[in-house]
Amino acid sequence: MPSAAKPVVSPYIGTATSRVDGHAKVTGAAKYAGEFNAPGLAYGAVVCATIAKGRITAIDPSEALRVPGVIAVLTHENRPVMAKTDKAYRDDVAPEGGAPFRPLFDADVKFSGQPVALVIAEEWEVARFATMLVRIDYAAANFVTDLAAERGKAVAVEKPAKPRGKAEQALAAAAVRHEAEYYIPIEHHNPMELFASTVTWAGDGKLTVYDKTQGVQNVQHYLCNVFKLKPEQVRVVSPFMGGGFGSGLRPQYQVALAAMAALATKRAVRLVLTRQQMYQLGYRPATIERVALGASRNGTLEAVIHEAIAVTSRYEDFSRNDTGWSGQLYKSPHAKYEHRLARVDLPTPADMRAPGATTGVYALECAMDELAVALKLDPLELRLRCYSDRDQNEDLPYTSKALRECYRQGAEAFGWDKRNPRPRSMRDGSELVGWGMATGIWEALQMQFAVRIVLTANGHAEVSCAASDIGTGTYTIMAQVAADMLGLPLDNVTVKLGDSTLPLAQVEGGSWTAASVSHAIANTADLIRKELWRLAKGMPQSPLAKTKLGDVTLAHGRVASESDAGKAVSIADAMRHGGLERIAQEGKANFKALKSHAHNTHSAIFAEVKIDEEIGVIRVTRVVNAVAAGRILNTKTARSQILGSVVWGIGMALHEETLVDHKFGRMMNANLAEYHVPVNADVHDIEVIFVDEPDEVINPLGIKGVGEIGIVGVAAAIANAIYHATGKRVRDLPITLDKSRP
Ligand code: MOS
């Protein structure tokens, strides 16, 4: 457990503080990776493979090179030296199994759309035009991209949560059973900002890399390993990010290509991918989820069996926990899991908001709804009868779990008690009305982060860390925590992040940044408190002369005794006395694995749909998402996270699906016109409730993180509402009109 002190006065933590970077963002002052400039900037454009698998037999760049303004065409034949071991390409979040993709490494083609050449030109338009003139001959090989075709060959590569009891026998013996397969198609992240890198060349072999990434230090290590550069030769900067959702956790190929281009041409190079190219960077894997539930007549679970078959690439085994949530969440004496991977000729999948849970819990929560129907039990009542105060898989208590309160407050806000259980029984004019609900669960993780705080005598603090703010509000919560811990006004705190030269940070993912970086700040502020106390104590006739460190806090710009508020020295006076212009401290949060407790966030989602009976149009008219996620640092940015998640849940339920043409092995709808996402007209009332969840165990400030919990369960709540409206159960997403029409 970290030993961070808690702020005594906390005017900022827990409030609806507006984004400290909001002004910079709306005025355009915030610069994104593709917006940095450099003298003599050249532009890259990528040539992508047109076959799904095989080899490049010949590349002829001569026609492209004849275009005025084209500087170079890089291919596997003339690129700079690159590492030859898989280890060099394995970034912090790479799957353990397999061999990471190496951009422009050799003649191998592993997936359609793979980068095979990079044109560098004086103008972007010229570069892009010249990509069409690069002649590439291929020897195509047979390929498979269809999960359904490969499911029989799927292999178990990772052990999911450990089983308990005898699930198959218990299922067979259960009084009531429900068993079904659910399907989630390939989905893409589609962040607004395109993946981009601007690499400047300092003339001495040093690169500054402005990159769109969720982890600057991850990218820095990757580039150093791949191009055999020393750490001091590569600085990676990413102050802002226009959406990541997991797509920027791993270094994406454009950063390798941009670095390669700068090394090869000894110039600054910018490379911005096209929207089409964004579809080859990773995706939520298509997954078949089989859930079997056995229950007693009174609605307690006897057996849970959850099996997942997900796609991965031929070259890397990507898998996440889809199945383990099922027997963790609900009380059941018998549980069994299986996770298999079907290797296909597509790029490797990627983490995408609450990876594993978004898909696995979708299946579980639809299955629970179907079980409730079979039991003639209210679906919420079924959840309550199966409620568990312990993690059933690990048989551990939770650090905190206020899910019961989520159910209660969510149901009350929604008006769940007015639900007529019979499908097709509720109407609003020509529309059928359906009400559905689901549970959400995600992890509350913590990682090692370090923070530097520089306090100047004028009462200003600069807080820095290599963390990213992927749009979640990290700048803001860091400023809030620092202000409270240092007893300063929020305006006196500036936050610097997204630079690999700053103190240690892990990638921004897994919803772990808020808890981790906040504790690094708290620990660092505590070092500053000690130093200020020492200075204040040493002043002539110091009112703090006889105080103990444990009694001294920083509040209202002063070093003050907690037990006797009259005893205080202003921070400025203490520093002046010590002759110090600035105090700099670096501290960290070291989280030991919490073995004694399970640590999760939870939610209860209630959804209303209205469906036109004639034409089947589905509208999600109301969603209430009640979330239990420990202490909420900022109720405004946290609410935004949940709102965005719910919108994505609507997309997952009704719209999103990447279609692969299995004849060509190619993503067919690789654009925002044909890949459907919810638009404003699809989004109606969303109510977010944060239930109170004090947590003394997880960490001293009781923080869990909210980036991902908001999406888990949303698609299930909507699918269950559609069943309730229509009486028709659709198990494969998205629930389009052709499938759901009543
Ligand atoms: Mo999130 S999928 O861990 O960026």
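This text follows the structure it describes.
Along every chain, residues carry numbers that run from 1 in the direction the sequence is written. For this predicted model, a pLDDT threshold of at least 70 governs which residues receive local features, and a threshold of 80 or more governs which side-chain atom pairs are given and counted, while totals over whole chains, interfaces and linings are taken from all residues. Side-chain figures throughout are based on the complete set of non-hydrogen atoms in the structure, without hydrogens or water.

Mind laying out the packing of aromatic side chains, listing which residues take part and the relevant values?
The rule is short: rings of Phe, Tyr and Trp, with Trp giving its six-membered ring, pair when the centres are within 6.5 Å, and they are stacked under 30 degrees, edge-to-face over 60, tilted in between. Taken as a whole and assessed by the stated rule, the structure comprises 16 aromatic pairs. For the ring pair phenylalanine 101 and tyrosine 315, a centre distance of 6.3 Å and an interplane angle of 45 degrees mean the geometry is tilted. Here the residue phenylalanine 101 occupies a position in the loop between β4 (97–98) and β5 (108–109), and tyrosine 315 occupies one in the loop between β14 (301–313) and β15 (316–317), the gap between them amounting to 214 residues. Grouping residues by exposure puts phenylalanine 101 and tyrosine 315 together as buried. Residues phenylalanine 414 and tryptophan 435 carry aromatic rings whose centres are separated by 4.9 Å and whose planes lie at 75 degrees to one another, so their mutual orientation is edge-to-face. Helix and strand labels come from DSSP, where a helix needs a run of H or I of at least four residues and a strand needs a run of E of at least two; each type is numbered from the N terminus. In this scheme, a residue with accessible area under 20% of its type's maximum is buried, one over 50% is exposed, and one in between is partly exposed, where area comes from a 1.4 Å probe on protein chains only.

Any details on the sheet that holds strand β24 (residues 552–555)? Residues and values, ideally.
In spatial order, the strands read β24-β25-β26; together these 3 strands make up an open sheet with antiparallel pairing. Because the sheet does not close on itself, it has two edges, and the strands there are β24 and β26 (568–570). Neighbour to neighbour, the strand axes of the sheet diverge by 20 degrees on average, direction disregarded. Both β24 and strand β25 (residues 558–561) contribute to a ladder of 4 bridges, which runs antiparallel. Paired with threonine 553 across the two strands is alanine 560, which belongs to β25. Contacting β24, β25 and β26, helix α15 (residues 513–537) runs over the sheet at an angle of about 105 degrees to β24. Whether two strands pair depends on DSSP finding at least two bridges between them. Lines fitted to C-alpha atoms define the axes here, with helix axes fitted over just the stretch in contact, and angles between the N-to-C directions of these axes take values from 0 to 180 degrees. In this analysis, two residues are considered to be in contact whenever any of their non-hydrogen atoms come within 4.5 Å of each other.

Tell me what's going on with the state of the cysteines, and back it up with residues and numbers.
Sulfur atoms of two cysteines make up a disulfide when they are within 2.5 Å. Scanning the entire structure with this criterion turns up 0 disulfides. Cysteine cysteine 386 remains unbridged, with the sulfur of cysteine 366 as its closest cysteine sulfur at 16 Å. Cysteine 386 sits in the buried class, given a relative accessible area of 1%.

Run through the nonpolar core, naming residues and quoting values.
Of all hydrophobic cores here, the largest spans 103 residues; its most connected members are Leu223 and Leu532. With 11 residues, the top contributor of residues to this core is α15. In contact with leucine 223, not counting residues within four places along its chain, are Val209, Lys228, Leu229, Val234, Val236, Val255, Ala256 and Ala259. In this description, a nonpolar core means a group of buried Ala, Val, Leu, Ile, Met, Phe, Trp, Tyr and Cys residues linked to one another through side-chain atoms lying within 4.5 Å. Within the second largest apolar cluster, 90 residues are counted, among which are Val176, Tyr337, Ile650 and Val730.

Quick one: what's the story with helix α14 (residues 474–486), residue by residue and with numbers?
Multiply 1.5 Å by the residue count of a helix minus one, and that product is the helix's expected span. For α14, spanning 13 residues, the distance from its first C-alpha to its last is 18 Å, which sits close to the expected 18 Å at 1.5 Å a residue. Within α14, 13 of the 13 residues are buried, which leaves it mostly tucked inside the rest of the structure. Count one or two residues on from α14 and you reach glycine 487, which has phi positive near 65 degrees.

So what's going on with the pattern of salt bridges? Which residues, and what values?
We define a salt bridge as a side-chain nitrogen of Lys or Arg found within 4 Å of a carboxyl oxygen belonging to Asp or Glu. Using the criterion set out here, one finds 44 salt bridges in the structure. The partner of glutamate 122 in a salt bridge is arginine 267, with the nearest N and O atoms 2.9 Å apart. Within this pair, whereas glutamate 122 is found in the loop between β6 (115–121) and α4 (124–131), its partner arginine 267 is found in the loop between α8 (253–265) and β12 (269–272), the two being separated by 145 residues in sequence. Between glutamate 150 and lysine 153 there is a salt bridge; the shortest N-O distance is 3.4 Å. Residue classification places glutamate 150 among the buried residues on the basis of a relative accessible area of 6%. Put simply, Asp369, Glu370, Arg729 and Arg731 are held in one network by salt bridges that share partners.

Break down the sheet that holds strand β1 (residues 42–48) for me, citing the residues and quoting the values.
With mixed pairing, 7 strands are arranged side by side in an open sheet as β3-β6-β1-β12-β9-β10-β11. Looking at strand neighbours, the two that pair on one side only are β3 (70–74) and β11 (234–237), the edges of this open sheet. Pairwise comparison of adjacent strand axes, ignoring direction, gives a mean angle of 20 degrees for this sheet. One ladder, built from 6 bridges, connects β1 with β6; its direction is antiparallel. Among the inter-strand pairings, cysteine 48 is bridged to a residue of β6, identified as proline 115. In the packing of α4 onto the sheet, contacts are made with β1, β3, β6 and β12, and the angle to β1 comes to roughly 20 degrees. Lying on the sheet, α8 is in contact with β1, β3, β6, β9 (196–201), β10 (207–211) and β12; it crosses β9 at an angle near 25 degrees.

Could you give me a rundown of the pairing of β6, with the residues and numbers involved?
Of all 7 residues that make up β6, 7 are buried, and the element is covered over most of its length. Here β3 runs beside β6; their pairing, made up of 4 bridges, is antiparallel. Directly across from valine 73, in β6, lies its bridge partner valine 119.

Quick rundown of the environment of isoleucine 615? Include the residues and the values.
Mapped onto the secondary structure, isoleucine 615 falls in the loop between β28 (600–612) and β29 (618–628). Put simply, isoleucine 615 and glutamate 431 are 184 residues apart on the chain and 10.0 Å apart in space, counted from C-alpha to C-alpha.

Can you explain unusual backbone geometry? Please cite residues and give values.
Residue proline 734 is reached from leucine 733 by a cis peptide bond, and omega for that bond is -10 degrees. The backbone of lysine 228 shows a phi angle near 55 degrees, a positive value even though the residue is not glycine. Here lysine 228 is to be found in the loop between α7 (216–227) and β11. Notably, aspartate 395 is not glycine yet its phi reads approximately 50 degrees, a positive angle. Structurally, the position occupied by aspartate 395 is in the loop between β17 (390–391) and β18 (396–397).

Residues and numbers for the side chain of serine 511, please.
Take serine 511: it is sitting in the loop between β23 (493–496) and α15. Within the structure, serine 511 has its side chain in polar contact with the side chain of glutamate 708 (distance 2.8 Å). The contact partners of serine 511, leaving out residues within four places of it in the chain, are Trp442, Lys704, Gly705, Val706, Gly707 and Glu708. Pairs of N or O atoms are called polar contacts if they sit within 3.5 Å, as long as, within protein, a hydrogen donor faces a hydrogen acceptor (for residues adjacent in sequence, only side-chain-to-side-chain pairs).

Can you lay out a nonpolar patch on the surface for me, pointing to particular residues and giving the numbers?
Grouping into patches uses exposed residues only, defined as over 30% relative accessible area, and leaves out salt-bridged ones; the cut-off is 9 Å for like charges and 5 Å for nonpolar side chains (Val, Leu, Ile, Met, Phe, Trp, Tyr). Note that accessible areas follow from Shrake-Rupley with a 1.4 Å probe, and for residues the cover is restricted to the protein chains shown. A contiguous nonpolar patch, built from Ile615, Val617 and Leu737 and spanning about 240 Å² of accessible area, is present on the exposed surface. Its relative accessible area of 53% is what places isoleucine 615 among the exposed residues.

Describe the side chain of threonine 213, listing the residues and the values that go with them.
Along the polypeptide, threonine 213 turns up in the loop between β10 and α7. For threonine 213, a relative accessible area of 1% translates into the label buried. Separated by 2.9 Å, the side chain of threonine 213 and the backbone nitrogen of glycine 215 make a polar contact. Not counting residues within four places of it along the chain, the set of residues in contact with threonine 213 comprises Val219, Ser238, Met241, Gly248 and Ser468.

Go over the packing of α14 against α15 with me, naming the residues and quoting the values.
Contact geometry of α14 with α15 gives a least axis separation of 9 Å together with a crossing angle of 30 degrees. By the angle class used here, α14 and α15 are roughly parallel. Seen along the crossing, α14 lies across α15 with a hand that is right-handed. Listed contacts from α15 to Thr474, Ile477, Met478, Val481, Ala482, Met485 and Leu486 of α14 are Thr513, Ala514, Val517, Ser518, Ile521, Ala522, Ala525 and Ile528. A class-by-class count of the residues in the contact of α14 with α15 yields 12 nonpolar, 3 polar and no charged. Should an angle fall under 35 degrees it is taken as roughly parallel, and over 145 as roughly antiparallel, whereas 65 to 115 is taken as roughly perpendicular and any remaining angle as oblique. Should the near helix be turned anticlockwise from the far one by less than a right angle, the crossing is left-handed, and should it be turned clockwise, the crossing is right-handed. Here the term charged refers only to Asp, Glu, Lys and Arg, the term nonpolar to Ala, Val, Leu, Ile, Met, Phe, Trp, Tyr, Cys and Pro, and the term polar to all other amino acids, Gly among them.

Now, about the packing of α7 against α8: what can you tell me, with residues and values included?
The geometry of α7 relative to α8 is characterised by a closest axis approach of 11 Å and an angle of 50 degrees between their N-to-C directions. Judged by the angle between their axes, α7 and α8 are oblique. In the packing of α7 onto α8, the handedness of the crossing is right-handed. Side by side, α7 and α8 meet where Val219, Tyr222, Leu223 and Phe227 of the first sit next to Val255, Ala256, Ala259, Met260 and Leu263 of the second. Grouping the amino acids of the contact of α7 with α8 by side-chain chemistry returns 9 nonpolar, no polar and no charged.

Read these as spatial facts, not as claims about activity.
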